[in-house]
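An overview of the molecular structure
Each chain, written out:
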Amino acid sequence: MHELTGVLPVLRNMKEFERLLSSDHEYIIFLETRLSQLKQLVQAAKKAEKKVILHVDLIQGLKADAYGFEYLLREVKPDGIVSTRSNVISLAKKNNLMTIQRLFLLDSQALEHNIKLINQVKPDYIEILPGIIPSVIKEVFDKTGIPVIAGGLIRTKEDIQLAYDGGAKAISTSQPELWEL
């Protein structure tokens, strides 16, 4: 498995897809897609020598259970997945996919609860939303030892630097103007 570093482009709408195919980015994260488009999009990305990470919670028409995973593995063939659900992360790990557990930081109680879950499931990466709180990025890494990706509300170069200052390994953003930083 390759290490995720730098700015990771998150594809929110298809008009940016062609641009990403010809970019220097190794990875593309698909945030919102329809099941009917997925296989074709992933094949196009792989043809352009890109690795694909799917946010499985947001694929319209896919149920992220064992049968949905069977379809993803056999037909779509992603390189990794993002999910907020521990059971989905566990399924992906059993099938040797890169795993990114997405964590919404709502309050201290949610943070502590999620850290317990993460320490049980052991995803490859943790994506923290919002990714603009350096002290929390550091705290999550210190309590889990798992590399952190900062995402959500990353709008400027300064936001990216703050996340790196907090210890983030990578930054995920759907803001095309930040992809080349």
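Attention in this report is confined to the structure presented alongside it. (Residues numbered from 1 in each chain as written. Predicted model: local features only at pLDDT ≥ 70, side-chain atom pairs only at ≥ 80, totals over all residues. Heavy atoms only, no water.)

1. Overview of the pattern of salt bridges
Using the following cut-off: A pair is scored as a salt bridge if a Lys or Arg side-chain nitrogen falls within 4 Å of a carboxyl oxygen belonging to Asp or Glu. Where helices and strands are cited, they refer to DSSP runs of H or I of at least four residues and of E of at least two residues respectively, numbered from the N terminus. Only protein chains enter the accessibility calculation, which uses a 1.4 Å probe; a residue is then buried when its area is under 20% of its type maximum, exposed when over 50%, and partly exposed in between.
Summed over all chains, the structure comprises 12 salt bridges. With a shortest N-O distance of 2.9 Å, E139 and K143 are connected by a salt bridge. Linking E139 with K143, this pair stays in helix 6 (residues 134–144), spanning 4 residues, or about one helical turn. A relative accessible area of 25% means that E139 is categorised as partly exposed. Taken together, the salt bridges that share partners define one network made up of E112, E139 and K143.

2. Things to note about the packing of aromatic side chains
Here is the rule we go by: Classification of ring pairs uses Phe, Tyr and Trp, with its six-membered ring standing for Trp, and accepts pairs whose centres are within 6.5 Å; under 30 degrees between planes counts as stacked, over 60 as edge-to-face, and the remaining range as tilted.
Under the criterion given, the structure shown has 1 aromatic pair. When the centroid spacing of 5.9 Å and the interplanar angle of 50° are considered together, the rings of F17 and F30 count as tilted. Taken together, the positions of F17 in helix 1 (residues 17–21) and F30 in strand 2 (residues 27–30) put the pair 13 residues apart, joining distant regions of the chain. When sorted by exposure, F17 lands in the same class as F30, which is buried.

3. A look at unusual backbone geometry
The linkage connecting L129 with the following residue, P130, adopts the cis geometry, with an omega of -5°. In this structure, P130 sits in the loop between strand 8 (125–129) and helix 6. The backbone phi angle of N96 is positive, close to 60°, even though this residue is not glycine. On the accessibility criterion, N96 (72% relative accessible area) is exposed. Positive phi outside glycine occurs at K122, with the angle close to 60°. You can see K122 is positioned in the loop between helix 5 (108–121) and strand 8.

4. A few points about the sheet that holds strand 10 (residues 170–173)
The condition is simple: We treat two strands as partners when DSSP finds at least two bridges between them. Geometry is summarised by axes, namely lines fitted to C-alpha atoms with helices restricted to the contacting stretch, and by angles between N-to-C directions that run from 0 to 180 degrees. What makes two residues a contact is simply this: any of their non-hydrogen atoms within 4.5 Å.
Read around the closed barrel, 8 strands run 1-2-4-6-7-8-9-10, paired in parallel fashion. Strand-to-strand, the axes of this sheet are offset by a mean angle of 25°, without reference to chain direction. In the sheet, strand 1 (residues 6–11) pairs with strand 2 via 2 bridges, with the strands oriented parallel. Residue V10 lies in a different strand from strand 2, and its bridge partner there is I29. Strand contacts of helix 4 (residues 86–94): strand 6 (80–83) and strand 7 (98–104), with the helix running at about 170° to strand 7, the strand carrying the most contacts.

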